[in-house]
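Chain by chain, the residues:
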Amino acid sequence: MLRAVKVRLYLTTAQQAHLVQAYSCVSWVWNQSLCVMSQTYKKAGKGLSAYDMKKQILGKES
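These notes cover the structure that comes with them. Within any chain, residue numbers begin from 1 and follow the written order of that chain's sequence. This being a predicted model, a pLDDT of at least 70 is required before a residue's local features are given, and a value of 80 or more before pairs of side-chain atoms are given or counted; all residues contribute to the totals for chains, interfaces and linings. Side-chain measures here rest on the full set of heavy atoms in the structure, leaving out hydrogens and waters.

For helices the rule is a DSSP run of H or I covering at least 4 residues; for strands it is a run of E covering at least 2, with both sets numbered from the N terminus onward. Along the backbone of the chain there are 2 helices and 0 strands. The C-alpha atoms of the chain give 18 Å as radius of gyration, which overshoots the globular expectation for 62 residues (11 Å, by more than 25%). Burial analysis of the chain (62 residues in total) assigns 3% to the buried set. Each radius of gyration reported is based on C-alpha atoms, and the globular scaling rule is 2.2 Å times the count of residues to the power 0.38. Think of it in three bands: with a 1.4 Å probe and only protein chains considered, a residue is buried below 20% of the maximum accessible area for its type, exposed above 50%, and partly exposed in between.

Okay, structure coming up:
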């Protein structure tokens, strides 16, 4: 049997600010990756894999 639990978090102002900043960073990386993948597909007709994108994000392009 599946169960669900609802949880309500009461964050401090500092915690809220930290979550907003973290989400903003993640959103920016996602949008940049999407842009790179789209441009690569338009130029080469072939997209990048998730593995290739992870290598680029981590700076391990070899």
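Attention now moves to the packing of helix 1 (residues 13–44) against helix 2 (residues 50–58). Fitted lines through C-alpha atoms give the axes, limited to the stretch in contact for helices. The angle between two N-to-C directions lies from 0 to 180 degrees. At a closest axis distance of 11 Å, the pairing of helix 1 and helix 2 adopts a crossing angle of 120 degrees. The angle between helix 1 and helix 2 falls in the class oblique. Regarding helix 1 and helix 2, the two cross each other, and that crossing is right-handed. Seen from helix 1, the contacting residues are Val29, Ser33, Val36 and Met37; seen from helix 2, they are Met53, Gln56 and Ile57. Residues are grouped as follows: Ala, Val, Leu, Ile, Met, Phe, Trp, Tyr, Cys and Pro are nonpolar; Asp, Glu, Lys and Arg are charged; all remaining types, including Gly, are polar. Looking at side-chain class alone, the contact of helix 1 with helix 2 contains 5 nonpolar, 2 polar and no charged residues. To sort the angles, those under 35 degrees are grouped as roughly parallel, those over 145 as roughly antiparallel, those from 65 to 115 as roughly perpendicular, and the leftovers as oblique. We call a crossing left-handed when the near helix sits turned anticlockwise from the far one by less than a right angle, and right-handed when that turn is clockwise. Whether two residues touch is decided by their heavy atoms; if any such pair falls within 4.5 Å, the residues are in contact.

Turning to a nonpolar patch on the surface, a few remarks are in order. Candidates for patches are residues over 30% relative accessible area with no salt bridge; among them, like charges are joined within 9 Å and nonpolar side chains (Val, Leu, Ile, Met, Phe, Trp, Tyr) within 5 Å. Note that accessible areas follow from Shrake-Rupley with a 1.4 Å probe, and for residues the cover is restricted to the protein chains shown. Salt bridge, as used here: a side-chain nitrogen of Lys or Arg that lies within 4 Å of a carboxyl oxygen of Asp or Glu. Among the surface-exposed residues, Val5, Val7, Leu9, Leu11 and Leu19 lie close enough to one another that they form a single nonpolar patch of about 510 Å² accessible area. Mapped onto the elements, Leu11 comes out in the segment before helix 1.

Moving on, we come to the side chain of Ser33. Position of Ser33 relative to the elements: it lies in helix 1. Apart from the residues lying within four places of it in its own chain, the contact partners of Ser33 are Met53 and Ile57.

Take the environment of Tyr23 next. As for its placement among the helices and strands, Tyr23 is situated in helix 1. Residues Tyr23 and Gln39, 16 residues apart in the sequence, show an inter-C-alpha distance of 24 Å.

By themselves, these are just geometric observations and shouldn't be taken as functional.
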